[in-house]
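Chains, contacts and geometry: an overview
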Amino acid sequence: MSVAFGGFTALSDVTLTITPGTVHGLIGPNGAGKTTMVNVLTGFQAPTSGRVTLSGQDVGTLPAHALRRQGVARTFQAGRLFGGLDVLDNLAVTGVGLGHSRHASEVEALRLLEWMGVSHLAEQPAAGLPYTDERRVGIARALMFAPQFLLLDEPAAGMSEEEAADLAGLIRRVATDLGTGVLLIEHNVALVLSVTSHVYVLDAGRLIEEGDRGVITASQRVRDAYFGADQEAA
Ligand SMILES: Nc1ncnc2c1ncn2[C@@H]1O[C@H](COP(=O)(O)OP(=O)(O)O)[C@@H](O)[C@H]1O
Ligand SMILES: [Mg+2]
């Protein structure tokens, strides 16, 4: 796919595949096009050219809510919870939006919160949540009714090392226990390399590398993308 905003090319001929039951990483410096990629894959942004396929079907023109119903879920860099509702209702509203009954949605929400180990949050107002809990609830909401794919946009931002390690464990379980295909966008490259089997690297809208941990850590192109400016300055 390619995406242009006016004369500016945010993504240039990028090809990326996410398979069920696997965690994939997407890394790259600020402005590389990572969020734009997630926006395209989840129907929030139409590609300027190229295709998005889901199980072989072209879904590049489907809006976000239709893709979510087909099992493509995401989180946002900023929480975007309904501040006036408690956590349980935040999740239940998503279930109802997906076409499930209020009751079935509440049952699913409680089950999910328990699976994530955060049942104690159910009756907390979303507005007052500590940052890390807000992130967890965002993920729980995306996991309502077990999506086939989950795209996480910098879920560990602002977390401590320990909280990020907990999150890494959760992300692994999403793939192994739920069979969900995950695309993990993270600033924290160590976290990405610890949970993913395949990593894509974007720089200035281009895919400059992809491969397993060994390929990424050995790549001069990746090093240049992250540290190029420093090396020139040095
Ligand atoms: N709606 C938009 N209109 C114009 N430029 C945009 C828009 N969205 C993103 N961009 C630009 O596209 C580039 C990639 O942005 P983004 O995908 O958010 O990068 P990342 O998530 O990797 O930091 C940036 O230069 C950004 O300013
Ligand atoms: Mg981003």
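A few points on the structure. The structure displayed is predicted, hence computed values, not measured ones. (Residues numbered from 1 in each chain as written. Chains lettered and ligands numbered in written order. Predicted model: local features only at pLDDT ≥ 70, side-chain atom pairs only at ≥ 80, totals over all residues. Heavy atoms only, no water.)

Some remarks on unusual backbone geometry
Trans peptide bonds make up the majority, and among non-glycine residues the majority have a negative phi. Short version of the rule: Only DSSP runs of H or I with at least four residues qualify as helices, and only runs of E with at least two residues qualify as strands; both kinds are numbered from the N terminus onward. The cut-offs for exposure are 20% and 50% of the maximum accessible area for each residue type, with area from a 1.4 Å probe on protein chains only; residues under the lower value are buried, those over the upper are exposed, and the others partly exposed.
Even without being a glycine, Ser55 presents a positive backbone phi close to 50°. Tracing the chain through its elements places Ser55 in the loop between β4 (53–54) and β5 (57–58). At Ala204, a residue that is not glycine, the phi angle is positive and equals roughly 50°. A relative accessible area of 58% places Ala204 in the exposed class.

Observations concerning the nonpolar core
What counts is decided by this rule: Nonpolar cores are built from buried Ala, Val, Leu, Ile, Met, Phe, Trp, Tyr and Cys residues. Side-chain atoms within 4.5 Å join them into one set. Note on contacts: a residue pair is in contact if any heavy atoms of the two residues lie within 4.5 Å.
Core analysis: the largest hydrophobic core is formed by 46 residues, its most contacted members being Leu91, Met116 and Leu143. For this core, the element with the most residues is helix α6 (residues 161–178), which contributes seven residues. Setting aside residues no more than four positions away along its own chain, Met116 makes contact with Arg136, Ile139, Ala140, Leu143, Leu170 and Arg173. Grouped together as the second largest cluster of nonpolar side chains are 23 residues, Leu11, Leu16, Met37 and Leu54 included.

A word on the sheet that holds strand β7 (residues 149–153)
Formally: DSSP bridges decide pairing: two strands pair if at least two such bridges lie between them. Structural elements are reduced to axes, namely lines fitted to C-alpha atoms, with helices fitted over the stretch in contact, and the angle between N-to-C directions of any two is expressed from 0 to 180 degrees.
Pairing is mixed in the open sheet, where six strands are placed in the order β6-β7-β8-β3-β9-β10. Either end of the sheet is taken by a strand with one partner, and the two such strands are β6 (72–74) and β10 (206–211). On average, each strand axis in the sheet is tilted by 20° relative to the strand beside it, whichever way the strands run. Each of β3 (23–27), β6, β7, β8 (181–185) and β9 (198–203) is contacted by helix α1 (residues 34–41), which is oriented at about 150° to β8, the strand it contacts most. Along the sheet, α6 makes contact with β3, β7 and β8, crossing β8 at roughly 155°.

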